[in-house]
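As a plain string of letters, each chain reads:
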Amino acid sequence: MNWGLSKKNNISVILFILVLVIGCVFISSCNYSHTSTQPSSKSSRPAQTVCDKEGHKWENATCTRPKTCSVCGITNGVSLGHDFVDNICTRCGDYDKPVYIVEKNQTRSGDYSIFSGSVENFSTRSVEFVKIKLELMDEDKKILDTDWTYAVGSEGLRPGAQARWELMYNDAGFDWKYWRVSVMDYD
Ligand SMILES: [Zn+2]
Ligand SMILES: [Zn+2]
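Residues numbered from 1 in each chain as written. Chains lettered and ligands numbered in written order. Predicted model: local features only at pLDDT ≥ 70, side-chain atom pairs only at ≥ 80, totals over all residues.

Peer 1: Report on the overall build of the protein chain, specifying residues and quantitative values.
Peer 2: On a plain count of helices and strands, the protein chain comes out with two helices and eleven strands. When the helices and strands of the protein chain are placed in sequence order, the string is α-α-β-β-β-β-β-β-β-β-β-β-β. Looking at the protein chain as a whole, 11% of its 187 residues qualify as buried. Sequence-distant contacts, at least 24 apart, represent 52% of the contacts inside the protein chain between residues at least 6 apart. (Helix = DSSP H or I, 4+ residues; strand = E, 2+ residues; numbered from the N terminus. Buried ≥ 20, exposed ≤ 12 C-beta atoms within 10 Å, placed from the backbone. Contact = placed C-beta atoms within 7 Å.)

Peer 1: Describe unusual backbone geometry, listing the residues and the values that go with them.
Peer 2: Here the phi dihedral of Phe 129 falls at roughly 55°; this positive angle occurs in a residue that is not glycine. Looking at the secondary structure, you find Phe 129 in the loop between β7 (112-121) and β8 (130-137). Not every positive phi belongs to a glycine, and Lys 141 is a case in point at roughly 65°. With respect to the helices and strands, Lys 141 occurs in the loop between β8 and β9 (143-152).

Peer 1: Go over the sheet that holds strand β3 (residues 75-76), please, and point to the residues and values.
Peer 2: Pairing is antiparallel in the open sheet, where three strands are placed in the order β1-β2-β3. Where the open sheet ends on each side, the last strands, each with one partner, are β1 (58-59) and β3. (Pairing = 2+ DSSP bridges.)

Peer 1: Before we move on, can you summarise the environment of Pro 159 with the specific residues and values?
Peer 2: Within the element layout of this structure, Pro 159 appears in the loop between β9 and β10 (162-170). Aside from chain neighbours lying at most four places away, what touches Pro 159 is Asn 121, Ser 123, Thr 124, Arg 125 and Ser 126.

Peer 1: Can you break down the sheet that holds β8 residue by residue, with the values?
Peer 2: Sheet architecture is open: three strands sit in the order β9-β8-β11, paired in antiparallel fashion. Each end of this open sheet is capped by a strand with a single partner; those strands are β9 and β11 (178-185). For this sheet, the mean angle separating the axes of adjacent strands, direction not counted, is 25°. Summarising the sheet, β8 and β11 pair through seven bridges and their orientation is antiparallel. For Lys 133, the partnering residue across the bridge sits in β11 and is Ser 182. (Axes fitted to C-alpha atoms, helices over the stretch in contact; angles between N-to-C directions.)

Peer 1: Break down the nonpolar core for me, with residues and values.
Peer 2: If you look at the biggest cluster of nonpolar residues, it comprises 16 residues, and the most contacted ones within it are Val 130 and Ala 151. Those residues in contact with Val 130 that sit more than four places away from it in its chain are Val 99, Val 119, Tyr 150, Ala 151, Val 152, Leu 157, Val 183 and Tyr 186. (Core = buried A, V, L, I, M, F, W, Y, C linked by C-beta atoms within 7 Å.)

Peer 1: Got a sec to walk through the environment of Phe 122? Specific residues and values, please.
Peer 2: Residue position: Phe 122 is located in the loop between β7 and β8. Separated by 36 residues in sequence, Phe 122 and Arg 158 have C-alpha atoms that sit 9.1 Å apart.

Quick look at the structure:
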């Protein structure tokens, strides 16, 4: 009986101390958080607090900027990206400089004319599948035949980068006078 009683007392004493300790820790942490968060939320992040109370004031996404809160500057989602038609953005009017041929040569080898040169990507994005078109003309600049080749495939061409192209054309028995190359298409 004594043994059991004293064991009970021990447990209740330990419990009492535990409750005291937990209570002290709770009260002190409570005080700590009250005194520390109040001034910092007032001084360092006023815009965030305004948005917490009144909600963000969203400005629509643009070509180059995501949906953005005009008060606190927080963003949501991604920018729209430009929508180029004929190298002009239909939304913001920015001009997308296209891909140009910056160098061109012609040599002969047997029955073949070999046309070669470089293209450069002057646009602001990477491009793929750059097609070069060759036009062969008579003395009146009438087009007699066309051919094409890829200067760039799926590997793509970064903004500001150049790529070589070459086109072999069998013109045995074909009397053309002028030639012209242009960038036909790209993605
Ligand atoms: Zn906001
Ligand atoms: Zn745009």
